[in-house]
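Okay, here's what each chain looks like letter by letter:
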Protein chains: 2
Amino acid sequence: MPRNQQILLDNRPEGEATEANFRLVTTDTPPLQDGQVLVRHHYLSLDPYMRGRMNDSKSYAAAQPLGEVMIGGTVGEVVESRHPDYQPGDQVVGMGGWQEWSVVDARQPGLLRKVDTTHVPLSYYLGAVGMPGVTAWYGLVRIIDPKPGQTVTVSAATGAVGSAFVALAKARGCRVVGIAGGPEKCRYAVEELGFDACIDHRQHTDLKSMSAALKAACPQGIDGHFENVGGHILDAVLLRANTFARVALCGMIAGYDGQPLPLQNPALLLVNRMRIEGFIVSEHMDAWPPALKELGGLVAQGKLRPRESIAQGLAAAPAAFLGMLKGQNFGKQLVRLV
Amino acid sequence: MPRNQQILLDNRPEGEATEANFRLVTTDTPPLQDGQVLVRHHYLSLDPYMRGRMNDSKSYAAAQPLGEVMIGGTVGEVVESRHPDYQPGDQVVGMGGWQEWSVVDARQPGLLRKVDTTHVPLSYYLGAVGMPGVTAWYGLVRIIDPKPGQTVTVSAATGAVGSAFVALAKARGCRVVGIAGGPEKCRYAVEELGFDACIDHRQHTDLKSMSAALKAACPQGIDGHFENVGGHILDAVLLRANTFARVALCGMIAGYDGQPLPLQNPALLLVNRMRIEGFIVSEHMDAWPPALKELGGLVAQGKLRPRESIAQGLAAAPAAFLGMLKGQNFGKQLVRLV
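Residues numbered from 1 in each chain as written. Chains lettered and ligands numbered in written order. Predicted model: local features only at pLDDT ≥ 70, side-chain atom pairs only at ≥ 80, totals over all residues. Heavy atoms only, no water.

Within an unreviewed UniProt entry, the label attached to chain A reads Enoyl reductase (ER) domain-containing protein, and the organism entered is Oryzisolibacter propanilivorax.

Here it is, written out as structure tokens:
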């Protein structure tokens, strides 16, 4: 059986996460039992939610246990199978974790899913046509539910969720305004992703400035917002929100390191009769089939072709992950493992 | 025509509202035109939303114009009518304002509504079977939507909204915990209104203490909350909220005087996948018929008999109103005008 590099969570962050929180080990993959499948991972997905799991505190998901392989989505190829539904060469998506290989019990439903790469690149099943894409779909369709002509906004606009969000919102006839970090990302948001405008939050670091930028970019106000960041961006959105505006609250990456992140003026939720709703997409499995169908169609039609940031080799995963938390990636952050 | 005492908004509050913001004047009621009805007000309703209207800032309703009669709900009796649907002696509810008499154009739909006082006292149409009752109904039924056995909480528990809320929630099989100011109100909440427990917020003035009190009173956590106050009560509720908890945001009386009222940890909305929704009941007219029907039934059955605080005479209205904002009333605050 092949040797398998793995990255474990070694210890929990105190404040900011660092590479010293992780540990790289090498093991042997165990021989297959009946019903099991050996998958060679081609790509590992790095996602902001993983930072929340590194903490021991109550979060929207169970804490990552110490000394175990970091959780994570993977795409790869079946190399050996003792399950009749899987053959060597099948391309699959699953939650293989931060390692090069995984042994999966294919009899358990939902652990592996075969994917078709005729029209969709394999890596996209970790991004645009995977969990981040479905996350964007759920927030837009089920929570914000915009009408044509309405204005919707999204923070972390050039990330995996944001790039799917804009494609889905444009398909519904919305004005879509992104918020991203730096002129290069903002240019990419408008020129390649299709945003109508993009605000550089590094140029608007306080509430007043961000609110003025939103006012300029959203002359008709904001009807729906998808929040990945929190902090002064969300405060500013509330100041510019229209009556009955909806906020899909998906991430508060600005607070992952434990700093307090108050909402300055929640009375605006009342003044504007707003709805704000937190969600985690794995709790809404009924949304996945329609979301994946629409997202796959947008990719096949060339309407959703976001960039990817690809780190090479498992050992590069911790640095790539920490960089992503600081916004150093450009589009979906992946680690190539082959 | 009778002489009519009126209270006008004379100037806007700077910070806390005072009696000097109001002015009492006496005018003549004008002669009736075709289609008009002359109503003698028996009771004027005093409600927290009026404080928001005294400000010039954007709020959930238009600002009260200076120099005009203060807005307000009234019940009374038709004294003279030039509209075929109304006869002298009819008992009616309307938005007559802070004055003793009003001349109403009965051809405009929705300005006057005849009420039946066989089983419901006339004044209750300003409280339990009026706007506050419907407000409680909408927040509980349409936003919180609790299941039997779930725990729901409400701030300003012994007010007009809170007392209707507990009757409606008990009818749905909930555990209902109130938050009110002072031991006397808490005793009344449990012994007369039917709350399972009531927390005295004067004994729990910081987040940690309020959170501990909620934990003790809600051993199964909080599934739904009706917010009338804001500030540290809402912060504490978020700390004790269960997964998928809903918050109906109806008032933030703690912030009416303009002081900042941040929400300390909005990330809990994500952690608990919560929904928080602001609303104003006059925008949901479809809710009024089923709500009034249920509320009237509860009153008729003796299951909803809240106390009232009754000030005597129009000139007493400003002091009664300001006292209510400080929680000095006991149950629905009214002014008797006859």
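Time to look at the relation of the copies chain B and chain A. By a simple turn and slide, chain B fits onto chain A: the slide is 0.0 Å along the axis, the RMSD is 0.0 Å, and the turn is 180 degrees. When the rotation and shift are considered jointly, the pair of chain copies conforms to a two-fold rotation axis. (Least-squares fit on C-alpha atoms with pLDDT ≥ 70 in both.)

Once that is clear, we can look at the packing of aromatic side chains. All names here are of chain A. Taken as a whole and judged by the stated rule, the model has 14 aromatic pairs over all chains. Aromatic pair Tyr188 and Phe330: ring centres 5.0 Å apart, planes at 55 degrees, arrangement tilted. In this pair, Tyr188 is assigned in helix 4 (residues 183-193) and Phe330 in the loop between helix 9 (317-325) and strand 15 (332-336), connecting sequence segments 142 residues apart. Owing to a relative accessible area of 2%, Tyr188 belongs among the buried residues under this scheme. A network of ring pairs unites the aromatic residues Tyr138, Phe165, Phe226 and Phe279 as a single cluster. In this structure, Lys114 packs its charged tip against the face of Tyr86, placed 5.5 Å from the ring centre. (Phe/Tyr/Trp six-rings, centres within 6.5 Å; stacked < 30°, edge-to-face > 60°. Helix = DSSP H or I, 4+ residues; strand = E, 2+ residues; numbered from the N terminus. Buried < 20%, exposed > 50% of the residue type's maximum accessible area, 1.4 Å probe, protein only. Lys NZ or Arg CZ within 6 Å of the ring centre and 35° of its normal.)

A few words on the domain arrangement of chain A. Interface size is commonly expressed as the accessible surface area that is lost when the partners come together. Residue and element names in this part refer to chain A. The assigned domain composition of chain A is domain 1 (3-127 + 306-336) and domain 2 (131-282). One C-alpha centre belongs to domain 1, the other to domain 2; they are set 28 Å apart. The interface of domain 1 with domain 2 comprises 21 residues on the first partner and 17 residues on the second. Carbon and sulfur atoms make up 56% of the area that domain 1 and domain 2 hide from each other, which totals about 1500 Å². At the junction of domain 1 with domain 2, the criterion picks out 1 salt bridge. (Domains from an automatic or database assignment. Contact = heavy atoms within 4.5 Å. Buried area = accessible area lost by both parts, 1.4 Å probe. Salt bridge = Lys/Arg side-chain N within 4 Å of Asp/Glu carboxyl O.)

With that out of the way, let us pick up the nonpolar core. Burial of nonpolar side chains together is a common tendency in soluble globular proteins. Membership of the largest hydrophobic core comes to 53 residues, with the highest contact counts inside it found for Val129, Phe165, Val176, Phe195, Phe226, Phe279 and Leu295 of chain A. Of all the secondary-structure elements, those providing two or more residues to this core are helix 2 (131-144), strand 8 (151-155), helix 3 (160-171), strand 9 (175-180), helix 4 and helix 8 (288-300) of chain A. Counting only domains with at least three residues in this core, you end up with domain 1 (3-127 + 306-336) and domain 2 (131-282) of chain A. Within the second largest apolar cluster, 52 residues are counted, among which are Leu122, Leu126, Val129 and Leu334 of chain B. (Core = buried A, V, L, I, M, F, W, Y, C linked by side-chain atoms within 4.5 Å.)

Looking now at the environment of Gly139 of chain A. All names here are of chain A. Structurally, the position occupied by Gly139 is in helix 2. Judged by its relative accessible area of 0%, Gly139 is buried. Between the alpha carbons of Gly139 and Cys174 there is a distance of 14 Å; along the sequence they are 35 residues apart.

Bringing the interface of chain B and chain A into the picture now. Across the boundary between the two partners, chain B contributes 28 residues, which contact 28 residues of chain A. Summing the contributions of chain B and of chain A, the shared interface buries around 2500 Å²; its carbon and sulfur component is 62%. Across the contact surface, chain B and chain A share 4 salt bridges. One salt bridge in this structure joins Glu277 of chain A and Arg275 of chain B, with 3.0 Å as the shortest N-O distance. If you list the elements that add at least two residues to the side of chain B that touches chain A, you get strand 12 (241-249), helix 7 (267-271) and strand 13 (275-278) of chain B. Split by residue class, the side of chain B that touches chain A holds 18 nonpolar, 5 polar and 5 charged. (Nonpolar A, V, L, I, M, F, W, Y, C, P; charged D, E, K, R; others polar.)

Turning next to the packing of helix 2 of chain A against helix 3 of chain A. Residues and elements named next belong to chain A. The N-to-C vectors of helix 2 and helix 3 enclose an angle of 45 degrees; their axes lie 8 Å apart at closest approach. Between helix 2 and helix 3, the interaxial angle falls into the category oblique. Taken as a pair, helix 2 and helix 3 cross one another with a handedness that is right-handed. Counted together, Pro132, Gly133, Thr135, Ala136, Trp137, Leu140 and Ile144 of helix 2 and Ala160, Val161, Ala164, Phe165, Leu168 and Ala169 of helix 3 form the full contact between these two elements. Of the residues that constitute the contact of helix 2 with helix 3, the class distribution is 11 nonpolar, 2 polar and no charged. (Axes fitted to C-alpha atoms, helices over the stretch in contact; angles between N-to-C directions. Parallel < 35°, antiparallel > 145°, perpendicular 65-115°, else oblique. Left-handed = near helix turned anticlockwise from the far one by under 90°.)

Turning our eyes to something else, we now look at the sheet that holds strand 10 (residues 197-200) of chain B. The mixed open sheet is built from 12 strands, whose spatial order is 10(A)-9(A)-8(A)-11(A)-12(A)-13(A)-13(B)-12(B)-11(B)-8(B)-9(B)-10(B). Sheet topology places strand 10 (197-200) of chain A together with strand 10 of chain B at the edges, where each strand pairs with a single neighbour. Here the strands of the sheet are splayed against their neighbours by 15 degrees on average, with no regard to which way each runs. In this fold helix 2 of chain A packs onto strand 8, strand 11 (222-227), strand 12 (241-249) and strand 13 (275-278) of chain A, with an angle of close to 145 degrees to the strand it touches most, strand 11 of chain A. Taken strand by strand, helix 5 (residues 207-217) of chain B contacts strand 8 (151-155), strand 9 (175-180), strand 10 and strand 11 (222-227) of chain B, and its axis lies near 170 degrees from that of strand 10 of chain B. (Pairing = 2+ DSSP bridges.)

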